[in-house]
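Now for the letters of each chain:
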Amino acid sequence: MKQRLERATGQHPGDSPIIKTSVRLLVPFVQLFGLYVIVHGHYSPGGGFQGGVALGASFILLALAYDLKTSIRHFSEGANAVLANTGALIYTGVAALCAVMGGLFLDYSALDKLIPLGPIEWRSFGIFLVEVGVGLAVMSIMVSLFWDISSGGEMDEGL
Amino acid sequence: MDGMLQEVVAKYNYWIYVVLMMIGFYAMIGKRNLVKKLLGMNIFQTAIILFFVSTGVKRGGGIPILDKYKVLAEGIDPTQIVNPLPHVLMLTAIVVSVSVTGVALAVMQRIHREYGTLEEDEILERISE
Amino acid sequence: MKALALIATVITGILLLYGTRDFPAWGDPQSPANRHLSPYYIENAVAETHVPNVVTAVLGDYRGYDTMFETVVIFCAGMAVASVLRRNKS
């Protein structure tokens, strides 16, 4: 703990303008790729878990190249908690909505009564909704795992 | 001789997974350090994931991403596509392994904060003091 | 202690290697794992869900419960880490 504090107050070992600039340029593309992986999961390898991990990795990259404070400034703790809950809620909410609309739990074709797209198309679209929920939950949980473990729960100075 | 060679070609992947799994098993039961135990568990999980994925392989099979309109028009022969079921199960297993690793690292950090060490016998000594 | 662990590891490894004798050959399309349930998914997933990626179709639709509790597991992991490590700020 003491070592970590000493190191954190002094110059960061990996503190270089090259790394910072390249990470700043790279992060938007990593996030765009993460969104692409989530949305394109029906037609190519990918889906909620993989895209969520890519999105979370962009914030972890930010925390590694700059410091934990910068990453928390871009993605606050409150937003993190809200997104994690929203992700889990989207999944269970879609599943429960299917039951409310008269189908079975998680039977997306029952949502056809809500917006008439056709039961088979709804099964495709329901998978997409669920994947978005999984992606949000995985992204925020990955980021919060990194924050907690790298700073020992203090959320002030990380690696 | 030819039969034995065929046996080796048909089974050598399972032998590799068994060796990998035993490396993880030895790290889990033989090492004293908690981080080494956790790494052993991760190697063990990797061996199981590889084993499951390899059971779904079909010789000459394509990836399980199909051409929608072609399949809707004329159907598909299941022997031409690798088994998607192990992929799905192992996708969830990978996520569980990440969660387990995260929780284990957090508990280890807490143990280190409490007892100042991650060696098993030293922790036991300090608990009994 | 280390020697005991090594002996146990070697014995378990030999038993598992002996067990692989009965396994189907690598890449066999007629192995039990490839015959039982997966042909149904491959043949019907596209027609029933209109998703070309069979893995996504099985993950999100046929095995939706699995994925749902998966999300719950990772959510619980995040909560567990936060409650184990974070200290009261006041």
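Scroll up a little and you will see the structure.
Residues numbered from 1 in each chain as written. Chains lettered and ligands numbered in written order. Predicted model: local features only at pLDDT ≥ 70, side-chain atom pairs only at ≥ 80, totals over all residues. Heavy atoms only, no water.

**Student:** What am I meant to see in the overall build of chain C here?
**Tutor:** Across its full length, chain C holds five helices and zero strands. For chain C, the α and β elements follow one another from N to C terminus as α-α-α-α-α. For 90 residues, the compact-globule formula gives about 12 Å, and the C-alpha radius of gyration of chain C, at 22 Å, lies well above that figure. Principal axes of the C-alpha set define a box for chain C whose edges measure 60 × 45 × 15 Å. For chain C, the residues scored as buried account for 42% of the 90 residues in total. Put simply, chain C shows about 4,800 Å² of open surface, and 67% of that area lies on carbon and sulfur atoms. (Helix = DSSP H or I, 4+ residues; strand = E, 2+ residues; numbered from the N terminus. Rg over C-alpha atoms; globule rule 2.2 N^0.38 Å. Buried < 20%, exposed > 50% of the residue type's maximum accessible area, 1.4 Å probe, protein only. Areas by Shrake-Rupley, 256 points an atom, 1.4 Å probe, with all protein chains shown as cover.)

**Student:** Please clarify how the pattern of salt bridges should be interpreted in this entry.
**Tutor:** Oppositely charged side chains may form a pair once their charged atoms are brought near each other. If you walk through the whole model with that rule in mind, you get seven salt bridges over all chains. Among the ionic pairs, aspartate 61 of chain C bridges to arginine 123 of chain A, the shortest N-O distance being 2.9 Å. In this pair, aspartate 61 of chain C sits in helix α4 (residues 54-62) while arginine 123 of chain A sits in helix α6 (residues 119-151), so the two residues belong to two different chains. No difference in accessibility class separates aspartate 61 of chain C from arginine 123 of chain A, as the two residues are buried. As a salt-bridge pair, lysine 11 of chain B and glutamate 7 of chain B come within 3.4 Å of each other at their nearest N and O atoms. (Salt bridge = Lys/Arg side-chain N within 4 Å of Asp/Glu carboxyl O.)

**Student:** Explain the interface of chain C and chain B to me, please; I cannot follow it from the model alone.
**Tutor:** Accessible area lost upon the coming together of the parts is a frequently used measure of interface size. The interface of chain C with chain B comprises 49 residues on the first partner and 49 residues on the second. Buried area between chain C and chain B, both sides added, is near 4,500 Å², and the carbon and sulfur share of it is 72%. When the buried area of chain C at its contact with chain B is split by residue, Trp26, Ile42 and Leu85 of chain C rank highest and sum to 16% of it. On inspection of chain C and its partner chain B, the count reaches zero salt bridges. Along the contact surface separating chain C from chain B lie 14 residue pairs in polar contact (both at pLDDT 80 or more). (Contact = heavy atoms within 4.5 Å. Buried area = accessible area lost by both parts, 1.4 Å probe. Polar contact = N/O pair within 3.5 Å; in protein donor to acceptor, adjacent residues only side chain to side chain.)

**Student:** Looking at this model, I keep getting lost on the interface of chain B and chain A. Mind explaining?
**Tutor:** Contact residues are listed per partner, giving nine residues for chain B and nine residues for chain A. Here chain B and chain A share an interface that buries about 850 Å² over both sides, 71% of which is from carbon and sulfur atoms. When the area that chain B buries against chain A is broken down by residue, the three leading residues are Ile65, Leu91 and Gln109 of chain B, summing to 43%. The tally of links between chain B and chain A comes to zero salt bridges.

**Student:** Help me understand a negative patch on the surface, please; the structure alone is not making it clear to me.
**Tutor:** Negative charge collects at one region of the surface, where Asp121, Glu122, Glu125 and Glu129 of chain B lie side by side. Along the chain, aspartate 121 of chain B turns up in helix α5 (residues 120-128). (Patch = residues over 30% accessible without salt bridge, like charges linked within 9 Å, V, L, I, M, F, W, Y side chains within 5 Å. Lys, Arg positive; Asp, Glu negative; His and termini not counted. Charge placed at Lys NZ, Arg CZ, Asp CG, Glu CD.)

**Student:** Help me understand the packing of α6 of chain A against helix α3 (residues 38-49) of chain C in this model?
**Tutor:** Describing two packed helices takes the angle between their axes plus the distance from one axis to the other. Viewed as axis vectors pointing N to C, α6 of chain A and α3 of chain C meet at an angle of 105 degrees, and their least axial separation amounts to 7 Å. In this view, α6 of chain A runs roughly perpendicular relative to α3 of chain C, as classed from their interaxial angle. Mapping the contact onto sequence places Ile120, Arg123 and Ser124 of chain A in α6 of chain A and Ala47, Glu48 and Thr49 of chain C in α3 of chain C. When grouped by side-chain class, the residues that make up the contact of α6 of chain A with α3 of chain C number two nonpolar, two polar and two charged. (Axes fitted to C-alpha atoms, helices over the stretch in contact; angles between N-to-C directions. Parallel < 35°, antiparallel > 145°, perpendicular 65-115°, else oblique. Nonpolar A, V, L, I, M, F, W, Y, C, P; charged D, E, K, R; others polar.)

**Student:** Hey, could you run me through the packing of helix α4 (residues 84-115) of chain B against helix α5 (residues 64-85) of chain C in this one?
**Tutor:** It is the contact of α4 of chain B with α5 of chain C, at a shortest axis distance of 9 Å, that shows an interaxial angle of 10 degrees. Here α4 of chain B lies roughly parallel to α5 of chain C, going by the angle between them. Where α4 of chain B approaches α5 of chain C, its residues Leu89, Thr92, Val95, Val96, Ser99, Gly102, Val103, Ala106, Val107, Gln109, Arg110 and Arg113 of chain B are matched on the opposing element by Asp66, Glu70, Val73, Ile74, Ala77, Ala80, Val81, Val84 and Leu85 of chain C. Classifying every residue of the contact of α4 of chain B with α5 of chain C by side-chain character gives 13 nonpolar, four polar and four charged.

**Student:** Honestly, the nonpolar core in this entry has me stumped. Any pointers?
**Tutor:** It is characteristic of soluble globular proteins that their nonpolar side chains tend to be buried jointly. Core analysis: the largest hydrophobic core is formed by 42 residues, its most contacted members being Phe49, Tyr91 and Tyr108 of chain A. Put simply, the parts of the chain that give this core at least two residues each are α5 (77-100) and α6 of chain A, α4 of chain B together with α3, α4 and α5 of chain C. Among the elements that line this core, the one with the most residues is α6 of chain A, at nine residues. Sequence-distant contacts of tyrosine 91 of chain A, defined by excluding residues within four places in its chain, comprise Leu106, Tyr108, Val130 and Val134 of chain A together with Gly60, Gly64, Thr67, Met68 and Thr71 of chain C. Of all hydrophobic cores here, the second largest spans 13 residues; its members include Ile60, Phe75, Met139 and Met155 of chain A. (Core = buried A, V, L, I, M, F, W, Y, C linked by side-chain atoms within 4.5 Å.)

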